[in-house]
Amino acid sequence: MTPPFRADHVGSLLRPARLLEMRERRAAGEIDADTLRAAEDEAIRDVVRMQRDVGLRSATDGEFRRTSWHMDFIYRLGGVHPTDEKIQVHFRNAEGALDFESAALAVDAPITLTETIFGDDFAFLQSVVDREVTAKLTIPSPSMVHYRGGRAAIDPAVYPDEERFWADLSAAYAEQVRRVAALGCRYLQLDDTSLAYLNDPAQRRLLTDRGDDAEHQHLRYIRQINAAIADRPEGLAVTTHMCRGNFRSSWTAEGGYDFVAEALFSELAVDGFFLEYDDERSGDFAPLRFVPPGKMVVLGLVTTKRGALESKDALKRRIDEAARYVPLDQLCLSPQCGFSSTVEGNTLTYDEEVAKLELIVETAQEVWS
């Protein structure tokens, strides 16, 4: 009855073709911001209705107002700006390689919270969900502000001491948490790729090469997330979602949760963990032995990277396997990631997306009824 729910989903959903068309027209200057927002409102009403109809107990706005799951938030923090430099992220899929390019970021002023980020967006979502459905807000974790560029992205004239950077970042996040709770948010998810990426030796080498302490970075990230949510109000459930990259059905990192598991599960003060477990890239369930009593694990067994529907029996067998390491009562079921972490979306259809959500709900009902 409280988040995370037995059947849940990560957050982003495929953008309707009509909405993508309106975004293109806005970019071309053919319509104004109010016209685009009205189109977003209509699409969000529809997708909230879909989530209710398939039987989910939570609903997001599909992240329909965003281009990217994380940068739309990060660039709205005071002191963080895009730069002319480009970051190349190398993705892979079953067909081969796929490169993604985005603007780098710079921390060139003290980090502050200058507005309640996504506050208006959440208020609209809250206004259109049914009473029995919990509105869920997804934002990137504090780790994501650092992981993109590391120490090199932080102006030493602003933060000669990195401890001050971390203190300001966590304080800004803590204020964001307080503000969204005041708006009525009861379900907040901190999305984080860094804690999953750090399980991949290749990703740790990249961090070491740029001068970061890759062997201990996850410990710093855990401390800072804890600082951000330490004073969250009673009644606000906070979860985190960890994946290894999700762009047009492609991924970046590989490897089980073994490297971070003991510290992550025993020290991160969230109420639940959304974990990617849709294929062999995610490793086995053995790291779940570190999950303490009372913490929920949402098994991301249903892939969002392709449209083929999983077998219900196979899902049940995998849930049974996970229950060898953490009690069944602490388990839930979800997709492994969002369906559209960026505006482009993954390579499956709307009907396939709905079928996967229905499968999750039906399976959860049969397992935990």
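A few words now on the packing of aromatic side chains. Within this structure, the stated rule accounts for 11 aromatic pairs. For the ring pair Y159 and F165, a centre distance of 5.8 Å and an interplane angle of 75 degrees mean the geometry is edge-to-face. By relative accessible area, which is 2% here, Y159 ends up buried. Relative accessible area serves as the criterion here: at 0%, F165 is assigned to the buried category. Aromatic ring contacts, followed pair by pair, group Y147, Y159, F165, W166, Y197 and Y221 into a single cluster.

Bringing the environment of R223 into the picture now. Along the chain, R223 turns up in helix 9 (residues 217-229). The partly exposed category is assigned to R223, whose relative accessible area is 47%. The sequence separation of R223 and S143 amounts to 80 residues, and the corresponding C-alpha distance is 10.0 Å.

A few words now on the pattern of salt bridges. By the definition in use, this model includes 30 salt bridges. One salt bridge in this structure joins D41 and R65, with 2.7 Å as the shortest N-O distance. Of the two residues, D41 sits in helix 2 (residues 33-54) while R65 sits in the loop between strand 1 (58-59) and helix 3 (71-74), which places them 24 residues apart along the sequence. R65 carries the same exposure label as D41, and that label is buried. Between D278 and R281 there is a salt bridge whose closest N-O contact spans 3.8 Å. By relative accessible area, which is 10% here, D278 ends up buried. Exposure remark for R281: the relative accessible area of 5% places this residue in the buried category. Residues joined in a network through salt bridges with shared partners are R244, E276, D278, D279, R281 and K305.

Rules used throughout
Residues numbered from 1 in each chain as written. Predicted model: local features only at pLDDT ≥ 70, side-chain atom pairs only at ≥ 80, totals over all residues. Heavy atoms only, no water. Phe/Tyr/Trp six-rings, centres within 6.5 Å; stacked < 30°, edge-to-face > 60°. Buried < 20%, exposed > 50% of the residue type's maximum accessible area, 1.4 Å probe, protein only. Helix = DSSP H or I, 4+ residues; strand = E, 2+ residues; numbered from the N terminus. Salt bridge = Lys/Arg side-chain N within 4 Å of Asp/Glu carboxyl O.

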